[in-house]
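Chain by chain, the residues:
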Amino acid sequence: AAQLSHCFVAGYAMAMKQCCLGGASAFLWSLLGTQCVAGLAHSMRGVKSPGLNPPDPTIIWVNEDFVQPAMGRPAEEQCFGCQCMAAFPGLWLANGTFSEEYTCEQAKVQNLIPEFHWGGPKDGKKCRSCQAFALTIEDLDYPNGMGSADNGVHNIFWIANIPGDWMAINQTAVDELSEFAPTMVVGRNSKGDLGMEPPCPNKGMHRYHVVMWSLDSQLDDIDADITYGALKSLLEAHELARATFYAQLSASRFVNIQQAGAPAPAPAASPA
C-alpha cells in the first residue's frame, strides 16, 4: 500500500503537468502517469462541496461501476495555478464504501484517524511549512437516509493544520508524531468525541462526503471545540485546492448490530 501511494502521488503529479506542457512533453508526462496509476481502484471526482445546506431530497444518486479515471485535465477545484492535487484514501475507503474496521461493525480505536495520502498543490510564493492541509468527512443524509426532507449534514471527522510538508496522515502520525505538528488539531465530531465517529446508519442509504483540502496557511486560533460551520468557513477562505470523494452505506448492512444493541423487551406480565 505504501509503495502504491508513492506511485500514485508521483504518477498523477506528472500527468497533471499537462496543464502547462504541450506536444511531446505532455504526451510523455501523461504516459508515465497513466502507467503508474493503471492498477488503482479509486475514483476521483471533482464535485463542489454542498457546504452545510441539507442535501436536496429530490436528488437520488445511482450506483455505477468503477471507471478508470482519465489522465486528462483534472477538475478545476483540484488545481492551484499549474499544480494539481493528487489524493487518495487508504483501504478504509474502497469500492465506494467504508471497510468494517472503520464502521460500528469492527471499529476498536476510540480516537479513530482515517489514513490518507496526497501530493500538492503548493503556493510557490510561500514556504512549504507555512501552508497546511485538512481532511473532513460528512454524512450528507443524517439521520433518515437519502430522500428525507428533514436531513442535515452530520460531521463525523475533521483534522486541520496538517503540516504543509506532510504527505500522509494516519493513526500512527497523530499518536506518535504530534510533537512535530504542534498546531495540528483533531476536531470533535457531532457526537462530541475526538477522532472519527464510526458510521452506523440506522435508516436508509447514506452518502458520505470526503474532502482533502490544500490550504494557503495554517488556521489560526482553532481548537477541537470550534463549531463545524466555523471550521468550514475557514477552510473555504484559505483553500488552494481540494480533492473530493464519496462513499455510500446502507442501514441494511448494520441491522444485526443495531438489533444486538437494542434493549431487551420487557417480560410479559404474569397472569393474575
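For the structure, check the block above.
Just so it is clear, the structure is predicted and the values come from calculations on it, not from any experiment. (Residues numbered from 1 in each chain as written. Predicted model: local features only at pLDDT ≥ 70, side-chain atom pairs only at ≥ 80, totals over all residues. Heavy atoms only, no water.)

Q: So what exactly am I meant to see when it comes to the nonpolar core here?
A: One recurring pattern in soluble globular proteins: nonpolar side chains tend to sit buried together. Of all hydrophobic cores here, the largest spans 33 residues; its most connected members are Phe116, Trp118, Phe157, Ile159, Ile162, Ile169 and Met212. Elements supplying a minimum of two residues to this core: β6 (116-119), β7 (132-142), β8 (152-163), α3 (171-176), β11 (205-215) and β12 (239-250). Non-local contacts of Ile169, meaning those with residues more than four positions away in its chain, are made with Ile113, Pro114, Glu115, Phe116, Trp118, Ile159, Ile162, Val174 and Met184. In this structure, Ala134, Ala160, Val185 and Ile226 belong to the second largest nonpolar core, which totals 15 residues. (Core = buried A, V, L, I, M, F, W, Y, C linked by side-chain atoms within 4.5 Å. Buried < 20%, exposed > 50% of the residue type's maximum accessible area, 1.4 Å probe, protein only. Helix = DSSP H or I, 4+ residues; strand = E, 2+ residues; numbered from the N terminus. Contact = heavy atoms within 4.5 Å.)

Q: In this structure, what is going on with the sheet that holds β12? I would like to understand it.
A: Sheet strands line up and pair through hydrogen bonds in the backbone, either parallel or antiparallel. Strand order in the open sheet formed by 5 strands is β10-β8-β7-β11-β12, and the pairing between neighbours is antiparallel. A single partner strand is all that each edge strand has here, and the edge strands are β10 (185-186) and β12. Of the pairings in the sheet, the one linking β8 to β10 comprises 2 bridges and is antiparallel in character. Residue pairing for β10: Ala160 is matched across the bridge by Val185. Across the face of the sheet, helix α4 (residues 228-237) comes into contact with β7, β8, β11 and β12 while running at roughly 130° to β7. (Pairing = 2+ DSSP bridges. Axes fitted to C-alpha atoms, helices over the stretch in contact; angles between N-to-C directions.)

Q: Please explain the sheet that holds strand β3 (residues 86-89) as it appears in this structure.
A: Spatially, β3-β6-β9 is the arrangement adopted by the 3 strands of the open sheet, whose pairing is antiparallel. Strands at the two margins of the open sheet, each flanked by one partner only, are β3 and β9 (168-169). Where β6 meets β9, 2 bridges bridge the pair, whose relative direction is antiparallel. Across the sheet, His117 pairs through a bridge with Ala168, a residue of β9.

Q: Honestly, the environment of Glu105 in this entry has me stumped. Any pointers?
A: Within the secondary structure layout, Glu105 lies in the loop between β5 (97-98) and β6. When the C-alpha positions of Glu105 and Arg253 are compared, they lie 9.3 Å apart, and in sequence the two are 148 residues distant. Here Thr103 takes part through its side chain, which lies 2.7 Å from a polar atom of the side chain of Glu105. Here Arg253 takes part through its side chain, which lies 2.7 Å from a polar atom of the side chain of Glu105. (Polar contact = N/O pair within 3.5 Å; in protein donor to acceptor, adjacent residues only side chain to side chain.)

Q: Sorry if this is basic, but what is going on with the side chain of Glu77 here?
A: Assignment of secondary structure puts Glu77 in the loop between α2 (23-37) and β1 (79-80). What makes Glu77 buried here is its relative accessible area of 7%. Side chain to side chain, Glu77 and Thr244 meet in a polar contact 2.9 Å long.

Q: Please clarify how the pairing of β12 should be interpreted in this entry.
A: A regular strand carries its side chains on alternate faces of the sheet. With 10 of its 12 residues buried, β12 lies for the most part within the structure. Taken together, the 11 bridges between β11 and β12 define a ladder with antiparallel strand orientation. Its bridge partner lying in β12, Val210 is registered against Phe245.

Q: How should the pattern of salt bridges be read in this particular structure?
A: Opposite charge on two side chains makes pairing possible when the charged atoms of those side chains draw close. Going through the model one piece at a time under the given rule, you end up with 5 salt bridges. With its nearest N and O atoms 2.8 Å apart, the salt bridge here joins Asp141 to Arg207. Note that Asp141 is positioned in strand β7 and Arg207 in strand β11, a separation of 66 residues in sequence. Just as Asp141 is buried, Arg207 falls in that class too. (Salt bridge = Lys/Arg side-chain N within 4 Å of Asp/Glu carboxyl O.)

Q: Is there a simple way to think about the packing of aromatic side chains in this case?
A: Here the distance between the centres and the angle between the planes together describe a pair of aromatic rings. Evaluated as defined, the whole model comprises 6 aromatic pairs. Taking 6.0 Å as the distance between ring centres and 45° as the angle between the ring planes, the aromatic pair formed by Trp92 and Tyr102 counts as tilted. Of this pair, Trp92 sits in the loop between β3 and β4 (93-94) while Tyr102 is found in the loop between β5 and β6, placing the two residues 10 residues apart along the sequence. For the pair formed by Trp92 and Tyr102, the shared burial category is buried. (Phe/Tyr/Trp six-rings, centres within 6.5 Å; stacked < 30°, edge-to-face > 60°.)

Q: Would you mind showing me how to read the pairing of β8 here?
A: Here β8 lies mainly inside the structure; 11 of its 12 residues are buried. Bridge analysis of β7 against β8 gives 8 bridges, and the strand direction is antiparallel. Residue pairing for β8: Phe133 is matched across the bridge by Ile162.

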